[in-house]
Amino acid sequence: MSRIRSLGLRTVRLAVVDQHGVPRGKMLSPEAAIAAMSDGLDFSGAIYSLDTGNQVFVPAFARGGGFGIEEFTGFPDVMLVPDPATFRVLPWADRTGWMLCDVYFGNGQPMPLDGRGLLRRVLGSLAEAGYDFLGGIEVEFYIVVLSPGPLSPADAGFTPPAPAVSVFERGYQYLSEVRLDGVGPVLEAIRDALDGVGLLPRSIEDEWGPGQIEVSFSPIAGLAAADAAVLFRSAVKQVCQRRGLLATFMCRPALPNFFSSGWHLHQSLLNRPTRSNAFASASGALSDVGRRYVAGLLEHTAPMAVFAAPTVNGYKRFRPYSFAPDRVTWAFENRGALVRVQGSPGDLSSHVEMRLGEPAANPYLYLASNIAAGLDGIRRGLEPPAPVSADPYSAEAPRLPASLSEAVAALDADQFYRSAFGSTMVDYLVMMKRAELRRYEEAQAAVAAESPGGLAPDVTEVSDWEMREYFEFF
């Protein structure tokens, strides 16, 4: 509270991360923000009824909000409680502070659809087992130039056509220093903005596609790792939009010569209370604890996919020889595997990299699903199958879900995540994703009806519906 006053701020933004991993918020006066820290802030609970197209996916005003939670009857407010540990001053905004919030009902009970609260509970279970989580964030995304011109009212509805854009920088020169310098002023602005909120990138790289960038961060412990992913994506989008640019974390835009982007989650566990790396081993690249963690990841991959790749678009990435996985494998230092182990005997930084995620994943759900799965492997003493030693794309291994529909079916039938996350959360996500899938299928059927001969669109290609739904939103 004293910092808000002493810094002379004029505005404090309070943000809550919704079910899609997108921050929703209000701009408050300093005094109102200070009051919210003791009294909470009323905030519309209607955001939890919105799908990725910002359309209400449940029967309006049905009892229980349409998804069986009595406190949601009638589109009520929820109560936001700011977390002062997340307080930042936004260097790109004039005299503006920022805080993340946790979500409660008016009766004081935690709101069961809050991903941040869920991750906190999963981390609590991990701590009871004797470990803390350490996460390394590595995310790819695109920057494109917004074409000049007004937005016509006809195009301002939902879901609107994707904005017209042009290429920000040439591609096809992987890790090119020249390409990187070509977008240097914007990347330097992003770097400085992130540094200003305590997230100086470990690395910024030119990726393969035109204007495709990869940013990675040094390991961050616990809940703060997911908070950092939220702030990182939001900061990048805001810095870019102030410059007439669009940063998109959509996995695979339907633009010529654009490729898929991924979110690789590096992770290890720290022993409590020594803080030593539980995945390090003097005799191998991965300890017994690490192997069991990997086994848990592999055991629960199919239902986990909804948390790691929550969009229709995310499944267009799982293609053979694309540097994205297409089946459930693990390997040592192999970028084609689902789980990649990085380490060697005696390496104190040994860790595993999960390559399932898309950049649009909800950070809290993505991390929680990995931690819960890995912890289950440790508790049950699971052993992984033999690691892939050569080509992971020709390995005899279960395939990843081929579509969001297939992944949702796996989650709906899964008892592990119902136990770990609660049926309320799982049923809610399944309902929402199936509503999104119905809209997608209806759009595809309409395209087929208008095509010569009524041919169905190629589901492996990115549709106009996906561009409308995800390109600007994420």
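Our structure is the block above this text.
Quick caveat: nothing in here was measured; it's all calculated off a predicted structure. (Residues numbered from 1 in each chain as written. Predicted model: local features only at pLDDT ≥ 70, side-chain atom pairs only at ≥ 80, totals over all residues. Heavy atoms only, no water.)

Asks: Help me understand the overall build of the chain in this model?
Replies: The helix and strand tally for the chain stands at 13 helices and 16 strands. Its C-alpha atoms give the chain a radius of gyration of 22 Å, near enough to 23 Å, the size a compact globule of 474 residues would have. The principal-axis extents of the C-alpha atoms in the chain amount to approximately 60 × 60 × 55 Å. Here the chain holds 474 residues, and the buried ones make up 57% of them. For the chain, the share of sequence-separated contacts (at least 6 apart) that also reach a separation of at least 24 residues comes to 71%. Carbon and sulfur atoms make up 53% of the accessible area of the chain, which amounts to about 19400 Å² in all. Separation between the mean location of the 41 positive side-chain charges and that of the 53 negative ones in the chain comes to 3 Å. (Helix = DSSP H or I, 4+ residues; strand = E, 2+ residues; numbered from the N terminus. Rg over C-alpha atoms; globule rule 2.2 N^0.38 Å. Buried < 20%, exposed > 50% of the residue type's maximum accessible area, 1.4 Å probe, protein only. Contact = heavy atoms within 4.5 Å. Areas by Shrake-Rupley, 256 points an atom, 1.4 Å probe, with all protein chains shown as cover. Lys, Arg positive; Asp, Glu negative; His and termini not counted. Charge placed at Lys NZ, Arg CZ, Asp CG, Glu CD.)

Asks: What's the story with a nonpolar patch on the surface in this structure? I'm lost.
Replies: A contiguous nonpolar patch, built from Tyr172, Tyr174, Leu175, Trp208 and Phe259 and spanning about 480 Å² of accessible area, is present on the exposed surface. Checked against the element boundaries, Leu175 lands in the loop between β8 (165-167) and α4 (177-182). Relative accessible area serves as the criterion here: at 45%, Leu175 is assigned to the partly exposed category. (Patch = residues over 30% accessible without salt bridge, like charges linked within 9 Å, V, L, I, M, F, W, Y side chains within 5 Å. Salt bridge = Lys/Arg side-chain N within 4 Å of Asp/Glu carboxyl O.)

Asks: Just to check I follow, could you spell out the pattern of salt bridges for this structure?
Replies: Any two side chains of opposite charge can pair, so long as their charged atoms come close to each other. The full count for this structure, using the stated rule, is 27 salt bridges. Note that Asp427 is salt-bridged to Arg418, the shortest N-O span being 2.7 Å. On the accessibility criterion, Asp427 (38% relative accessible area) is partly exposed. Here the salt bridges share partners, and the residues they tie into one network are Asp83, Asp102, Arg116, Arg120 and Asp227.

Asks: Where do I start with the environment of Gly262 in this structure?
Replies: By secondary structure assignment, the location of Gly262 is in the loop between β12 (245-248) and β13 (263-271). A relative accessible area of 1% places Gly262 in the buried class. C-alpha separation for the pair Gly262 and Gly357, spaced 95 residues apart in sequence, amounts to 6.0 Å. When near neighbours in sequence (up to four residues on either side) are disregarded, Gly262 contacts Glu138, Val139, Glu140, Arg317, Gly357 and Pro359.

Asks: Just checking my understanding: could you explain the packing of aromatic side chains for this structure?
Replies: Aromatic ring pairs: the centre-centre distance and the angle between the two ring planes describe each pair. Scanning the model with the defined rule gives 25 aromatic pairs in all. With a centroid separation of 6.0 Å and 70° between ring planes, the pair formed by Phe141 and Phe232 is classed as edge-to-face. Taken as a pair, Phe141 in strand β7 (residues 131-146) and Phe232 in helix α6 (residues 223-241) lie far apart in primary sequence, 91 residues in all. For Phe232, a relative accessible area of 0% puts it in the buried group. A centroid spacing of 4.9 Å and a plane angle of 65° characterise the contact between Phe416 and Tyr417, whose relative ring orientation is edge-to-face. (Phe/Tyr/Trp six-rings, centres within 6.5 Å; stacked < 30°, edge-to-face > 60°.)

Asks: Looking at this structure, I do not really get the packing of helix α10 (residues 404-413) against helix α12 (residues 423-450). What am I missing?
Replies: Helix packing geometry: the angle between the two helix axes and the distance between the axes. At a minimum axis distance of 10 Å, the contact between α10 and α12 shows a crossing angle of 160°. Classified by the angle between their axes, α10 and α12 sit roughly antiparallel to one another. Between α10 and α12 lies a crossing whose hand is left-handed. Residue-level contacts link Leu404, Ser405, Val408, Ala409, Leu411 and Asp412 of α10 to Val426, Val430, Lys433, Arg434 and Leu437 of α12. (Axes fitted to C-alpha atoms, helices over the stretch in contact; angles between N-to-C directions. Parallel < 35°, antiparallel > 145°, perpendicular 65-115°, else oblique. Left-handed = near helix turned anticlockwise from the far one by under 90°.)

Asks: How do you make sense of the pairing of strand β4 (residues 77-82) when you look at a structure like this?
Replies: Every other side chain in a regular strand lies on the same face of the sheet, so the side chains alternate between the two faces. Taking every second residue as pointing to the same face, the buried face of β4 carries Val78, Leu80 and Pro82, while none of Asp77, Met79 and Val81 on the other face is buried. Where strand β3 (residues 41-44) and β4 come together, 4 bridges link them in antiparallel fashion. Bridge pairing in β4 places Ser44 opposite Asp77. Both β4 and strand β6 (residues 96-104) contribute to a ladder of 4 bridges, which runs antiparallel. In the strand pairing of β6, Val81 is matched with Asp102. (Pairing = 2+ DSSP bridges.)

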